[in-house]
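Next come the chains, spelled out residue by residue.
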Amino acid sequence: MVLIAAAVCTKAGKTIISRQFVEMTKARIEGLLAAFPKLMSSGKQHTFVETESVRYVYQPLEKVYMLLITTKASNILEDLETLRLFARVIPEYCNSMDELEIAENAFNLIFAFDEIVALGYRENVNLAQIRTFVEMDSHEEKVYQAVRMTQEREAKNKMREKAKELQRQRMMEANKKGGIKSPGFGGGYGSGSTPATPAVGDTANFVPEPIRPSYKPKQKPVNAGPGAMKLGGKSRDVDSFVDQLKEEGENVVSGPLAAPGTKLAQITPQIINTELVHLRQEERLNVRIGRDGGVQNFELHGLVTLHISDEKWGRIRVQVDNRDTRGIQLQTHPNVDKELFRAHGQIGLKVPTKPFPLNTDVGVLKWRFQAQDEGALPISINCWPSENGEGGCDVNIEYELEQVDLELNDVQINIPLPIGSNPIVSECDGQYTHEARRNTLVWSLPVIDASTKSGSMEFSAPSSTPGDFFPLHVSFTSKTPYAKIKVSEVLLVEDESPVKYSVESVFFTDNYEVV
């Protein structure tokens, strides 16, 4: 038996992965794979088909074919036995037999294929041995990973200490100049996958910098006096450069030019009141939905972090109201009194006389929620591409807010396009941008709430098929939490007197896709 190649392809003949076991040119293997769907005969239950030079042995697996290409001199019985082993390997690494799942696990499948066949000949292995060989559990790798994690942890600790030292220096310099204390960034980061959370120093108000666009040409106002020189050439160069960026698909925000003698309007930054006891409630969402409906994955992770800036508020208890009835799994920090939380819904340390850490973000409560019901989605997306008979597709996309108590901000729906395609948008609620470099049509909606709970977009794309517009990626942020969990009050441990505090809530997507 001489096995030339093993491949997984769709019913339409598209090759998902292919592994060659003998030397051959790329054009040769592409020609063999391209010829397979043309040799398939409809209505007949064959497991192989032959040409003048090779034999195709295949087995249907739901939406795909497991295909082996062998020489005509090979033993057909051995080929069929090898094919059955290949067919058993795929479900071992893929949860479903769809194209996307197989492509995501392509390297694991190729490693497993190499364990079955070597230099064109079948190895005497079974499925359990293949699984063991592919895992390749290495003690040296575990030691290396442990050392690397330790080094990263030490580097982060040094970074935090350095940040605190710089903050103290800035505050001392500010006190010397005029007695005004300036807020600083200290304490590192709250969680690795979220934006940086500003730690509070001695001030209660934090003024963030206004968000700047990726490119914004500015022109300073100049009072034209007698004999003043006019500078017009540089402005024309800037305009031509901006036009060139727009043609290449870049999102350029052009600011209005101020007339001579006028002043530019100043942007007033938003002020966030942050108290000496500050809590941040953060929720991250991972969703995967099928294009024909059905939730493949829904996972919500929540975290409450506590930041205390004054040691006199170190011994406190946080009252949490949980009104969510959807079966969310709550878990407190190991140092938190679990019985106190279970009986009264309060977050406090096991040792009441011990204070919480100062000037650092401490995670005190986290939760996790999984669901398979589409009613749990914050927003549902329905993408309906259909062929228009002219070699292209007409695409209708609509959204609907499923949780009407939420307010979603900065919603973006990224729709992939075929390479070089220029979509023609006929109807759109909100705004859209065609990013030619990324071959993506971006549908942007600044706010989705109960008053704008549904909307649609229609466009046509030439030279396309319905599968070209998947997967869709959705992103948004919200100040309204998904879980009905709320911090209601903060009390001192000594006399249970109320403590002034601030709460920051953020709900955002890690990965939200329609496949």
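Calculation criteria
- Residues numbered from 1 in each chain as written.
- Predicted model: local features only at pLDDT ≥ 70, side-chain atom pairs only at ≥ 80, totals over all residues.
- Heavy atoms only, no water.
- UniProt positions renumbered as here; feature names shortened; annotations may be inferred.
- Helix = DSSP H or I, 4+ residues; strand = E, 2+ residues; numbered from the N terminus.
- Areas by Shrake-Rupley, 256 points an atom, 1.4 Å probe, with all protein chains shown as cover.
- Buried < 20%, exposed > 50% of the residue type's maximum accessible area, 1.4 Å probe, protein only.
- Arc of directions from axis to C-beta.
- Contact = heavy atoms within 4.5 Å.
- Polar contact = N/O pair within 3.5 Å; in protein donor to acceptor, adjacent residues only side chain to side chain.
- Axes fitted to C-alpha atoms, helices over the stretch in contact; angles between N-to-C directions.
- Parallel < 35°, antiparallel > 145°, perpendicular 65-115°, else oblique.
- Left-handed = near helix turned anticlockwise from the far one by under 90°.
- Nonpolar A, V, L, I, M, F, W, Y, C, P; charged D, E, K, R; others polar.
- Core = buried A, V, L, I, M, F, W, Y, C linked by side-chain atoms within 4.5 Å.
- Domains from an automatic or database assignment.

As recorded by an unreviewed UniProt entry, the protein carries the name Coatomer subunit delta and is attributed to Temnothorax curvispinosus. The record in UniProt for the protein states the following under Sequence similarities (unreviewed entry): "Belongs to the adaptor complexes medium subunit family. Delta-COP subfamily." Taken directly from UniProt, the Subunit (unreviewed entry) text for the protein runs: "Oligomeric complex that consists of at least the alpha, beta, beta', gamma, delta, epsilon and zeta subunits."

## Some thoughts on the overall build of the protein
The number of helices and strands found in the protein is eight helices and 25 strands. Carbon and sulfur atoms make up 51% of the accessible area of the protein, which totals about 30,600 Å².

## What about unusual backbone geometry?
The omega torsion across F470 and P471 is 0°, close enough to zero to call that bond cis. With respect to the helices and strands, P471 occurs in the loop between β22 (454-461) and β23 (472-478). We note that N359 has phi near 55°; this positive angle belongs to a residue other than glycine. With respect to the helices and strands, the residue N359 is situated in the loop between β14 (346-347) and β15 (362-370). For E496, which is not a glycine, the phi torsion comes out positive at approximately 55°. Within the secondary structure, E496 sits in the loop between β24 (485-492) and β25 (502-514).

## Section: helix α5 (residues 127-135)
Within α5, the full set of buried residues consists of L127, I130 and V134. One side of α5 carries all its buried residues, which in axial view fall inside an arc of 55°. Across from the buried face of α5, at angles greater than 90 degrees, the exposed residues are T132 and E135. Buried positions along α5 lie against α2 (76-93) and α4 (106-116). Looking at where α5 begins, the residue whose side-chain oxygen comes 3.3 Å from the main-chain nitrogen of A128 is N126. Count one or two residues on from α5 and you reach M136, which has phi positive near 50°.

## Observations regarding the UniProt feature "coiled-coil region" (unreviewed entry) in the protein
Those places that UniProt annotates as "coiled-coil region" (unreviewed entry) correspond, in this numbering, to residues 149-176. Helix and strand shares over residues 149-176 are 100% and 0% respectively, and the end C-alpha atoms of the span are 41 Å apart.

## Quick look at the packing of α4 against α5
Two elements in contact, α4 and α5, have axes separated by 9 Å at closest approach and are oriented at 125°. By the angle class used here, α4 and α5 are oblique. In this structure, the crossing between α4 and α5 has a hand that is right-handed. Across the interface between the two elements, F111, A112, E115 and I116 from α4 touch I130, F133 and V134 from α5. For the contact of α4 with α5, the residue count by class is six nonpolar, no polar and one charged.

## Re the side chain of T509
Structurally, the position occupied by T509 is in strand β25. Residue classification places T509 among the buried positions, given a relative accessible area of 14%. In this structure the side chain of T509 is engaged in a polar contact, spanning 3.4 Å, whose partner is the backbone nitrogen of F476. Aside from chain neighbours lying at most four places away, what touches T509 is L285, V474, S475 and F476.

## Quick look at the side chain of E101
Mapped onto the elements, E101 comes out in helix α3 (residues 99-104). The class for E101 is buried, based on a relative accessible area of 8%. Not counting chain neighbours up to four residues away, the residues in contact with E101 comprise C94, N95, S96 and R288.

## Regarding the packing of α2 against α5
At their nearest, the axes of α2 and α5 sit 11 Å apart, and the two run at 50° to each other. Accordingly, the angle class assigned to the pair α2 and α5 is oblique. As α2 packs across α5, the resulting crossing turns out to be right-handed. In this structure, α2 contributes L85, R88, V89, E92 and Y93 to the contact, and α5 contributes L127, I130, R131 and V134. Its residues assigned to classes, the contact of α2 with α5 comprises six nonpolar, no polar and three charged.

## Remarks on the nonpolar core
By size, the foremost hydrophobic cluster in this structure holds 65 residues, and its most contacted members are F298 and F459. Looking at this core element by element, the count peaks at six residues for strand β11 (residues 295-308). Counting residues domain by domain, this core receives three or more from each of domain 2 (277-286 + 293-372 + 483-514) and domain 3 (379-478). Grouped together as the second largest cluster of nonpolar side chains are 31 residues, A6, V64, F113 and I116 included.

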